[in-house]
Protein chains: 2
Amino acid sequence: MELKALHKLGYGLYVVTSRKGDRFNGQIANTVFQITSEPPTIAVSINRQNLTWEYITASGVLAVSVLCQETPLSFIGRFGFKSGRDVDKLEGVEYRLGETGAPIIIDNAVSCLEAKVINRMDVGTHTIFVAEVVGAELVSDRTCMSYDYYHQIKRGKTPPSAPSYVPEQAPRTAPRQKGTAWKP
Amino acid sequence: MELKALHKLGYGLYVVTSRKGDRFNGQIANTVFQITSEPPTIAVSINRQNLTWEYITASGVLAVSVLCQETPLSFIGRFGFKSGRDVDKLEGVEYRLGETGAPIIIDNAVSCLEAKVINRMDVGTHTIFVAEVVGAELVSDRTCMSYDYYHQIKRGKTPPSAPSYVPEQAPRTAPRQKGTAWKP
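The rules behind each value
- Residues numbered from 1 in each chain as written.
- Chains lettered and ligands numbered in written order.
- Predicted model: local features only at pLDDT ≥ 70, side-chain atom pairs only at ≥ 80, totals over all residues.
- Heavy atoms only, no water.
- Helix = DSSP H or I, 4+ residues; strand = E, 2+ residues; numbered from the N terminus.
- Contact = heavy atoms within 4.5 Å.
- Areas by Shrake-Rupley, 256 points an atom, 1.4 Å probe, with all protein chains shown as cover.
- Pairing = 2+ DSSP bridges.
- Axes fitted to C-alpha atoms, helices over the stretch in contact; angles between N-to-C directions.
- Salt bridge = Lys/Arg side-chain N within 4 Å of Asp/Glu carboxyl O.
- Buried < 20%, exposed > 50% of the residue type's maximum accessible area, 1.4 Å probe, protein only.
- pLDDT = per-residue confidence, 0-100.

## Overview of the overall build of chain A
Link 1 in the chain: Looking only at helices and strands, chain A has 3 helices and 9 strands in total.
Link 2 in the chain: Reading chain A from its N end, one meets helices and strands in the order β-β-β-β-α-β-α-β-β-β-β-α.
Link 3 in the chain: The contacts of chain A with a sequence gap of at least 6 include a subset with a gap of at least 24, amounting to 64%.
Link 4 in the chain: Element-wise, carbon and sulfur atoms account for 47% of the exposed surface of chain A, whose accessible area totals about 8200 Å².

## Brief notes about the sheet that holds strand S9 (residues 126–138) of chain A
Residue and element names in this part refer to chain A.
Link 1 in the chain: Pairing within the open sheet is antiparallel, and its 7 strands lie in the order S2-S1-S5-S8-S9-S4-S3. Where the open sheet ends on each side, the last strands, each with one partner, are strand S2 (23–29) and strand S3 (32–37). If you compare each strand with its neighbour and ignore which way they point, the axes differ by 35 degrees on average.
Link 2 in the chain: Both strand S1 (residues 14–20) and S2 contribute to a ladder of 7 bridges, which runs antiparallel.

## A short note on the pattern of salt bridges
All names here are of chain A.
Link 1 in the chain: Tallying each qualifying case throughout the model produces 10 salt bridges over all chains.
Link 2 in the chain: Of the charged contacts, one joins Arg 48 and Asp 122 as a salt bridge, the two residues approaching to 3.0 Å between their closest N and O atoms. Of this pair, Arg 48 sits in the loop between strand S4 (40–47) and helix H1 (51–59) while Asp 122 sits in strand S8 (residues 109–123), placing them 74 residues apart in sequence.
Link 3 in the chain: Accessibility expressed as a relative area gives 32% for Arg 48, which makes it partly exposed.
Link 4 in the chain: Assessed through its relative accessible area of 39%, Asp 122 is described here as partly exposed.
Link 5 in the chain: The structure contains a network of salt bridges with shared partners spanning Lys 20, Glu 54 and Arg 85.

## As for the side chain of Thr 41 of chain B
Link 1 in the chain: Residue position: Thr 41 of chain B is located in strand S4 (residues 40–47).
Link 2 in the chain: Exposure remark for Thr 41 of chain B: the relative accessible area of 2% places this residue in the buried category.
Link 3 in the chain: Residue contacts for Thr 41 of chain B: discarding those within four places in its chain leaves Val 123 of chain A together with Phe 33, Gln 34, Ile 35, Thr 36, Ile 118, Val 130, Ala 131, Glu 132 and Val 133 of chain B.

## Observations regarding H1 of chain A
All names here are of chain A.
Link 1 in the chain: Of all the residues in H1, the buried ones are Leu 51, Thr 52, Trp 53, Tyr 55 and Ile 56.
Link 2 in the chain: At its buried positions, H1 is contacted by S1, S2, S4, strand S5 (61–67), S8 and S9.
Link 3 in the chain: Two residues or fewer past H1, Gly 60 is found with a positive phi of approximately 70 degrees.

## Focus: the confidence of the model for chain A
All names here are of chain A.
Link 1 in the chain: Of all residues in chain A, 89% have pLDDT values of 70 or greater, and the mean over the chain is 89.
Link 2 in the chain: Every residue in residues 169–184 scores below 50 in pLDDT, and together they form 36 contacts with partners more than four places removed in sequence or on other chains.
Link 3 in the chain: Both scores are available for the predicted complex, with the pTM at 0.88 and the ipTM at 0.87.

What follows is the structure, encoded as structure tokens:
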């Protein structure tokens, strides 16, 4: 099998957020997609080890911010390569509370969605949450970041916990890469 | 709600095929995603009214071809705006049979996947099939067609049965558009 064939699937790049009580967290994800239009529902795939997974499971609500092409790598790194168990990812980030109580990230967003979980399916390391959209907002007219653009142009990385991770053989002279935790 | 916020989600463009006995069919889809990497699994969302849905349900196998940017609209129209109940969509199209017996479309493909359904979830008008990848192949080094490119550059249409369909108000002087059947 040529597993790189899977790299040809197309995605956007998102911050998915949720809450547990009055605690907030969010993470980078590339697997957010619309499933039905009437009523509008989306599916979001989240790694079961992630704090955001725990929060979505606890509260049954989530928000999605579609990131723009200009999103700095530092912003993606904050939400993608750190754990909310170690740091408060939302500190210093512009967000507002939606009607579900989930934090909706405004920084670098092209559009935002807010949704309530109506079904879920566990698939190995990940869970697909299906959620009905209860809020949708256009934030800016900037161009959206595609997952391909993130890799090809921004030279972004994919951590081992991502669904689309494929191990690359490290150059013999390079030091072993330190374990990272994008955890989408 | 600004439902156009949902249009900012990013997708590729695919032909999803399946079989029922020795009959084959395929359709255009934009919702194909990798869910886990170990083992490699994908999720595919298909409209429950579609013949391809019936075939996937019957055989439990499917194939996905990632379309290139140069894919002609006539090819997309063949798989997207016609029903396999009326025409043999694969007539004259280059394909080969995979190990699952599903037809794998080679024409206009950048890469191809073949998969066996391991789980499913019904969500209103659509079903999310989760399938383990049993074959993956890079076909060409052409650029993949994004759903955004299909709409913005190729001026492609989305039929009412698509998950991402949002009705547009027709110009007053224009004749009513004839019902179409992309049925992703």
